[in-house]
Amino acid sequence: AAAAAAADEEGDEEGGAPLRKLAAFLVACGGQAGLVDGWTTTQGSRVSGVTAGTSDLYYLSPLGARFRSRREVARHFALDDEAGLAALKAAAEARVASRRADVEARKGARRAADESRQRRREAGRGFTPP
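Residues numbered from 1 in each chain as written. Predicted model: local features only at pLDDT ≥ 70, side-chain atom pairs only at ≥ 80, totals over all residues. Heavy atoms only, no water.

## Here's the deal with helix H2 (residues 16–28)
- If you check H2, its first and last C-alpha atoms are 19 Å apart, about what 13 residues at 1.5 Å a residue would give, namely 18 Å.
- Buried within H2 we find Gly 16, Leu 19, Leu 22, Ala 23, Phe 25 and Leu 26. For H2, the angular spread of the buried residues around the axis is 160 degrees, confining them to a single face. Exposed and facing more than 90 degrees away from the buried side of H2 are Arg 20 and Lys 21.
- The inward-facing, buried residues of H2 contact strand S1 (40–45), strand S2 (55–60), helix H3 (70–76) and helix H4 (81–124).
- At the exit of H2 stands Gly 30, carrying a positive phi of roughly 105 degrees. (Helix = DSSP H or I, 4+ residues; strand = E, 2+ residues; numbered from the N terminus. Expected span 1.5 Å × (residues − 1). Buried < 20%, exposed > 50% of the residue type's maximum accessible area, 1.4 Å probe, protein only. Arc of directions from axis to C-beta. Contact = heavy atoms within 4.5 Å.)

## Considerations on the environment of Asp 80
- Within the fold, Asp 80 resides in the loop between H3 and H4.
- Taking the relative accessible area as the measure of exposure, Asp 80 reaches 41% and is therefore partly exposed.
- Linking Asp 80 and Leu 26, residues 54 residues apart in sequence, is a C-alpha distance of 8.8 Å.

## Observations regarding the sheet that holds S2
- The strand order S1-S2-S3 describes an open sheet built from three strands, whose pairing is antiparallel. One side of each edge strand has no neighbouring strand; the edge strands of this open sheet are S1 and strand S3 (66–67).
- The pairing of S2 with S3 spans two bridges and is antiparallel. By the bridge assignment, Leu 60 is partnered in S3 with Arg 66. (Pairing = 2+ DSSP bridges.)

## Let's talk about unusual backbone geometry
- A positive phi angle, near 55 degrees, is found at Ala 78, a position not held by glycine.
- Mapped onto the secondary structure, Ala 78 falls in the loop between H3 and H4.

## Let's talk about the nonpolar core
- Ranked by size, the top nonpolar core spans 13 residues in total, and within it Leu 22, Leu 26, Val 36, Trp 39, Tyr 59, Val 73 and Ala 74 carry the most contacts.
- Breaking this core down by element, the ones donating at least two residues are H2 and H3. (Core = buried A, V, L, I, M, F, W, Y, C linked by side-chain atoms within 4.5 Å.)

## Focus on the pairing of S2
- As judged from the six bridges shared by S1 and S2, these two strands associate in the antiparallel manner. Bridging across to S2, Gly 44 finds its partner in Asp 56.
- Hairpin connection from S2 to S3: five residues lie between these consecutive antiparallel strands, with Gly 64 at a positive phi of about 95 degrees.

## A word on the pattern of salt bridges
- For the structure on display, the rule yields six salt bridges.
- Among the ionic pairs, Arg 75 bridges to Asp 81, the shortest N-O distance being 3.1 Å.
- In this structure, the salt-bridge partner of Asp 114 is Arg 117, at a minimum N-O distance of 2.3 Å. Placement of both Asp 114 and Arg 117 in helix H4 is noted, with a separation of three residues, approximately one turn of the helix.
- Judged by its relative accessible area of 37%, Asp 114 falls in the partly exposed class.
- Overall, the relative accessible area of 35% leaves Arg 117 in the partly exposed class.
- Taken together, the shared-partner salt bridges connect Arg 71, Arg 75, Asp 81 and Glu 82 into one network. (Salt bridge = Lys/Arg side-chain N within 4 Å of Asp/Glu carboxyl O.)

Next up, the structure:
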């Protein structure tokens, strides 16, 4: 468990999810995924104030510079962070639309099954709908 906690503190050597997300963001900003080669992440906890205990993720460049957000990293590479945000927003909206479509499809299937069950019940009682 201590090794896992240390790995979380130091960041995943192979990149992990935060660096994959950072690479995707940089690509959306007009950069290349390879820009994050050699980068790591670290997690820190706030120790005082109203937000004490809150965890923050930092991106660390190979030269030791620390960045608090993907946008800061994009600006570091002189990329268009607004384009990256627009791409993230579009992807999130597409996921929401897909989930809504899945929910509606399940509702439709459930409704059809309920109607079929109801018809079978009514047929068993000798009832014929008008």
